[in-house]
Amino acid sequence: MESAIRLRGLHKRFGDTIAVADLDLDIEPGEFFSMLGPSGSGKTTVLRIIAGFEQPTRGTVSLFGADVTRLAPFDRPVNTVFQDYALFPHLSVIANVEYGLRVAGVGRRERRAKAEEALGAVRLAGLEDRRPHELSGGQRQRVALARAIVLRPQALLLDEPLGALDLKLREQMQVELKELQRSLGITFVFVTHDQDEALTLSDRVAVFDAGEVVQLGTPREVYDHPRNRFIASFVGSSTLLEPDVAAALGLARAPMAVRPERVTLADSGPGAPGTIAEVIYTGPEHRIVVDLDGLDARITALEPNIGAHHRRERGDRVMVGVEPAAAAPLEPEAA
Amino acid sequence: MQLGRTARIVLGTITVVVLGLVYLPLGVVFLNSISTSESLSWPPPGFTLEWWGRALESTGALEALGTSVVVALIASAIALVLGTLAAIALSRYRFFGKETVNLLIVLPIALPGIVTGIALNNAFRTLMGVDLAMWTLVVAHATFCIVTVYNNAFARLNASGTRLEEASMDLGAGLFTTFRLVTFPYLKSSLMAGGLLAFALSFDEIIVTTFTAGTGVATLPLWILQNMFRPSQAPVVAVIAVILAVLSVIPLAIAQRLTAKDAAAVAR
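Residues numbered from 1 in each chain as written. Chains lettered and ligands numbered in written order. Predicted model: local features only at pLDDT ≥ 70, side-chain atom pairs only at ≥ 80, totals over all residues.

So, the overall build of chain B
We apply this condition: Going along the chain from the N terminus, every DSSP run of H or I of four or more residues is numbered as a helix, and every run of E of two or more is numbered as a strand. Whether a residue is buried, exposed or partly exposed is read from the other C-beta atoms within 10 Å of its own C-beta, which are placed from the backbone; 20 or more gives buried, 12 or fewer gives exposed, and intermediate counts give partly exposed.
Summing up its helical and strand segments, chain B has eleven helices and zero strands in all. Over its C-alpha atoms, taken along the principal directions, chain B stretches across nearly 75 × 65 × 30 Å. Per-residue burial for chain B yields a buried fraction of 35% across its 268 residues.

Structure (structure tokens):
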């Protein structure tokens, strides 16, 4: 199958800084693909290169088999939802959504119908004549979405589109984005620094660090098997185990990462002995930090909040267990 | 911030004195325009509307007014086109010598008018070998009118960044469509403000005008200067001055409102 977006040897330098380092990436048609990374990791630059706002220093961008590396943004069959929405302040909501069709020379009546349909798809019908500054953040975000999808792009590029929304609204928009992507059936390329968002929404996630993709896979692969320390700590939280700590827990003598919810605590039985150093109540669960005996190491476990009858206290003695399948071996650090 | 009683009185007095120094003479000009004394003697011996009638019939004054309006309009139009283009170039593109170009565009507003006047006079007459005329005056005025348009447009373009233009191109619009549908509407109020300021600057300019206007080309300021000390014309000059003072408030007020609206729009 032909890739929706294919990047080959993509390299971008800004002065002395390497923003993107020889990147190869294939994004499949109909895929919800996230580019996840801290700020400055190169993910937004990659998105801007795909959109055509930046020219790569070298390398190519192909969309459905066609090389578009040298094409201007207006000649590419992709559309972008910008981080700050970039709505045209002097145009009404409907005129914003119609903009792309108007520029393409679509007749007045047809573009009105299509724009209203797009506004309906993002549940904004009835606000056609408002100006952007009269809308809430969430509504602006929907206008930006409608403005981009009305053109039926082959791929939709989203640059941290939910970053400016508050938590409740963000969670609601996540669901709607996912539904929209499914009903449109087009490729979504989603840039975010929020690992939660990336895991929740994506078919596949590319984790960026210092201009490179350090891990590429399904959310489950990335979360359960982080390849190195950076991914283990950036995507979700992990306890990093030094080789002798791993060995004491009955695992291979190698650097490992283990998710707190995969660490089991027991009053007796197999495992490594330790003393509870901290119990943090978070509502749905208890976050329990254990000092392992004789190891100068700590490990964090999560226990669901299932009521008051069985509660662990600071100073309790526990046996700590980690199943071999629950620990992810980490690649040695590049020196 | 709270001020003490003494401080309030002192500051209030200073404010009144300063504003009085600025506006009392304007009041005197108005009184002169309706005084029966031809030599502007003080206090006015009596009042008459004769000078107002004479002023409105004075062909010299009306012709000068026409010349001033035409020169200011053409100079502002040139400034609008060139100032906008320069602002786009300097806010949107990177090129060699950009900072220098920026300085060179803004400099004419800071240069003493007498220097600009002498320089242009020399350039026109000796370097280019042309006679001074109306168009030399227009060109001279355009050199400093560009600055107000450029400054307004440049500030607005820098405040917005390139995001709107990127959005437009992302949606399929080319460079010119983007300018027509996004950049220009966005700049419109800034350009109005800059254009009005340019008009006002050109309208009452006298130093550069003296050096670059051809013989027989009299702008209103030139006409006033020439007639001010003729006994029979002095009250007529006062009338013209009053009319100018009233007229000059209008573009200033519009420009200020536009700028305030812009600031609000950018802040949103």
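Section: the packing of helix H6 (residues 134-160) of chain B against helix H8 (residues 175-203) of chain B
Residue and element names in this part refer to chain B. How we decide: Where helices are involved, their axes are fitted lines through C-alpha atoms of the stretch in contact, as for all axes, and angles between N-to-C directions lie from 0 to 180°. Put simply, angles under 35 degrees are roughly parallel, angles over 145 are roughly antiparallel, angles from 65 to 115 are roughly perpendicular, and the rest are oblique. The crossing is said to be left-handed when, going from far helix to near helix, the turn is anticlockwise and less than a right angle, and right-handed when the turn is clockwise. A pair of residues counts as a contact when their C-beta atoms, built from backbone coordinates, are within 7 Å of each other. Side-chain classes are defined by residue name, with Ala, Val, Leu, Ile, Met, Phe, Trp, Tyr, Cys and Pro counting as nonpolar, Asp, Glu, Lys and Arg as charged, and the others, Gly among them, as polar.
Following both chains from N to C, one finds H6 and H8 inclined at 155°, their axes separated by 8 Å at the closest point. In terms of axis orientation, H6 runs roughly antiparallel to H8. Crossing handedness for the pair H6 and H8: right-handed. Here His141, Phe144, Cys145, Thr148, Val149, Asn151, Asn152, Ala153, Arg156 and Ser160 of H6 lie close against H8, whose contacting residues are Tyr186, Leu187, Ser190, Leu191, Ala193, Gly194, Gly195, Leu197, Ala198, Leu201 and Ser202. Of the residues in the contact of H6 with H8, the class split is eleven nonpolar, nine polar and one charged.

A few points about the sheet that holds strand S2 (residues 17-27) of chain A
Strand pairing in a sheet relies on backbone hydrogen bonds, with the paired strands running either antiparallel or parallel. Residue and element names in this part refer to chain A. Test applied: The pairing criterion is simple: DSSP has to find at least two bridges between the two strands.
Across the sheet, four strands lie side by side as S2-S1-S4-S5; this open sheet has antiparallel pairing. Edge positions in the open sheet fall to S2 and strand S5 (66-67), since each of these has one partner strand only. Bridge count between strand S1 (residues 5-14) and strand S4 (residues 58-63): five bridges; the pairing is antiparallel. Note that in S4 the partner of Arg8 across the bridge is Thr60. Helix H1 (residues 43-51) rests against S1, S2 and S4 of the sheet, and its axis sits at about 115° to S1.

With respect to the sheet that holds strand S7 (residues 155-159) of chain A
Residue and element names in this part refer to chain A. Taken together, six strands build an open sheet; the order of strands is S6-S7-S8-S3-S9-S10 and the sheet is mixed. This sheet does not close on itself; its edge strands, each paired only once, are strand S6 (78-81) and strand S10 (212-217). The average angle at which neighbouring strand axes cross in this sheet is 20°, direction not considered. Bridge count between strand S3 (residues 32-36) and strand S8 (residues 187-192): five bridges; the pairing is parallel. Of the residues in S8, the one forming a bridge with Phe32 is Phe188. Contacts between helix H4 (residues 137-149) and the sheet are confined to S6 and S7, with S6 contributing the most and set at about 175° to the helix.

Some remarks on the environment of His11 of chain A
All names here are of chain A. Tracing the backbone through its elements, the reader meets His11 in strand S1. A C-alpha to C-alpha distance of 21 Å links His11 and His193, two positions 182 residues apart in sequence. The residues touching His11, leaving out its near neighbours within four places in the chain, are Val20, Ala21, Asp22, Pro56, Thr57, Arg58 and Gly59.

Observations concerning the nonpolar core
Cut-off, in case you're wondering: What we call a nonpolar core is a set of buried Ala, Val, Leu, Ile, Met, Phe, Trp, Tyr and Cys residues whose membership is set by joining through C-beta atoms within 7 Å. These domain limits were set by an automatic method or by a database of domain assignments.
Grouped together as the largest cluster of nonpolar side chains are 135 residues, with contacts concentrated most on Ile50, Ala146 and Val189 of chain A. Per-domain counts for this core show at least three residues from each of domain 1 (5-233) and domain 2 (239-329) of chain A. Setting aside anything within four residues of it in sequence, one finds Ala146 of chain A in contact with Val97, Ala118, Leu119, Ala121, Val122 and Leu124 of chain A. Core analysis: the second largest hydrophobic core is formed by 15 residues, Ala61, Trp223, Ile224 and Val236 of chain B among them.

Structural notes on the confidence of the model for chain B
Residues and elements named next belong to chain B. Rules: pLDDT gives the predictor's per-residue confidence on a scale running from 0 to 100.
When the pLDDT values of chain B are averaged, the result is 87; 96% of them are 70 or greater. Within chain B, helix H7 (residues 163-170) carries the highest mean pLDDT (94), whereas helix H11 (residues 234-267) carries the lowest (76). Reported for the predicted complex are a pTM of 0.80 and an ipTM of 0.85.

Observations concerning the environment of Pro260 of chain A
Residues and elements named next belong to chain A. Mapped onto the fold, Pro260 is located in the loop between strand S12 (256-258) and strand S13 (263-266). On the basis of neighbour counts, which here come to 18 C-beta atoms within 10 Å, the residue Pro260 falls in the partly exposed class. Placed 78 residues apart in sequence, Pro260 and Arg182 show a C-alpha to C-alpha distance of 32 Å. Once residues within four sequence positions are removed from consideration, Pro260 is found in contact with Ser237, Thr239, Arg287, Thr300, Ala301 and Leu302.

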